[in-house]
Amino acid sequence: MTERKTREVRIGNVSIGAGNPIAVQSMTATRTQDIDATVRQVELLEQAGADIIRIAIDTAKDVVALSEVRKARADANLVIDLQENYRLAERVAPFVQKLRYNPGHLHHIEREKPIRDKVRYLVDVARDHGCAMRIGVNCGSVDPEKLSRYAKNDSITPMVESALEHAAMLDDLGFDQYCVSLKDSDPNKVIDANVLFTESRPDVPLHLGVTEAGMPPDGVIKTRVAFEQLITRGIGDTIRVSLTLPFERKGEEVTVGRQILDDIANKRFRSVPRFEQHGLNIISCPSCSRVENEAFIDLAQNVRDMTDYAKEHDITIAVMGCRVNGPGETDDADLGMWCAPSFVNLKRGPQTLGQFTYDEILGRLRLELDKLIEEKGASSF
Ligand code: SF4
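Residues numbered from 1 in each chain as written. Predicted model: local features only at pLDDT ≥ 70, side-chain atom pairs only at ≥ 80, totals over all residues.

Q: Before we go on, may I ask you to explain the pairing of strand β7 (residues 132–138) in this structure?
A: Strand residues, when the strand is regular, have side chains that alternate between the two faces of the sheet. Burial within β7 is extensive, with seven of its seven residues counted as buried. Covered by surrounding structure in β7 are A132, R134, G136 and N138 together with M133, I135 and V137, the residues of both alternating faces. Where strand β6 (residues 98–101) meets β7, four bridges bridge the pair, whose relative direction is parallel. From the neighbouring strand, L99 faces β7, where its bridge partner is M133. You can see the chain leave β6, run along helix α4 (residues 115–129) and come back into β7, and the turn it takes is right-handed. Bridge analysis of β7 against strand β8 (residues 178–183) gives six bridges, and the strand direction is parallel. Note that in β8 the partner of G136 across the bridge is S181. (Buried ≥ 20, exposed ≤ 12 C-beta atoms within 10 Å, placed from the backbone. Helix = DSSP H or I, 4+ residues; strand = E, 2+ residues; numbered from the N terminus. Pairing = 2+ DSSP bridges. Right-handed = clockwise from strand over helix to strand, strands pointing away.)

Q: Would you explain the sheet that holds strand β14 (residues 344–348) in this entry?
A: In sheet architecture, strand pairing relies on hydrogen bonds along the backbone and comes in two forms, parallel and antiparallel. As summarised here, the arrangement of the five strands in space is β11-β12-β13-β14-β15, forming an open sheet in which the pairing is mixed. Pairing within the sheet leaves two strands with one partner each, and these edge strands are β11 (281–284) and β15 (351–356). Put simply, the sheet's adjacent strands are angled 15 degrees from each other on average, direction ignored. Two elements, strand β13 (residues 335–339) and β14, share five bridges in a ladder whose sense is antiparallel. By the bridge assignment for β14, M337 is matched with L346. On the sheet, helix α10 (residues 295–306) packs against β11, β12 (316–320), β13 and β14 and is oriented at approximately 165 degrees with respect to β12. (Axes fitted to C-alpha atoms, helices over the stretch in contact; angles between N-to-C directions. Contact = placed C-beta atoms within 7 Å.)

So, in structure tokens, the structure goes:
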């Protein structure tokens, strides 16, 4: 194992970096405004041993709900996930220990305002309320300005450049209580992006995760591979295992994360030096409060069951829960779906094929999958 000491960042009563134990995080998947369900899920994640729990916030009503969750779970270390509406930061900061923002979402509102000014605002809010921050870069929503500078097949450099740029902005503002994440659904890209970032910024604590890893056991395997390869190099200060699971099993994200950490610490490795994905690859998001229809979890499981006949073909199918990340994060899949309240959008690569009801979608997916297998003369082995 390589030793690597990043600087220390405090998140409530947990510290990451600087040789502290790797903290395990998870995220609520309930609608934030369903206060009872969200409180129950925070409780469940705490009982499973989560050090830090993330909640997504999109609206003013979510902020009100968050304040109630905070009252009910006074001791939890809470993080909020800001999406387009970064201005909600000042309203949520009093209730949480950490703010996560995605550099790729900052251009959505107040387009004329320089990104640097938006980051300064976020830092001021974090500083005023004693919050840590995470610069969370995601493969499906990378800053378009960074993407435009690199070849289409290079998804890693724009992610790393974006993270480095924002880390430098926070440094310039004299704020050091931040960590960085670079997430992709491909564990190899997670490994490459984090290694590359660390070469430039070995001091910055990293939050590791394979996004949209999917359902167990495949989602666990993908995550394990990335964590084994990174943590043995001394990279990673906090982790989240993203799994598509029914609400009542969400605690498995934490227990699986702890199991992987324990195995790595005891040199029980499962991965070969490089993870090569062969056969059918199903990517699905872990769902969160933004999920448009709770039928999403069943849909993801039904897609896996229905497509079992194609398991030897090198095809990627993505199933995503909402319009926030669904459209972008299905672009690289051969077939992609993202959920709306009463229908599912179906795509083939970046091209939209149409909208289908929850009853129709599996049949249509099967047709498209058969067509794809035939066209590709898809490689089986
Ligand atoms: S795709 Fe949407 S529902 Fe799924 S985890 Fe991401 S934000 Fe949440």
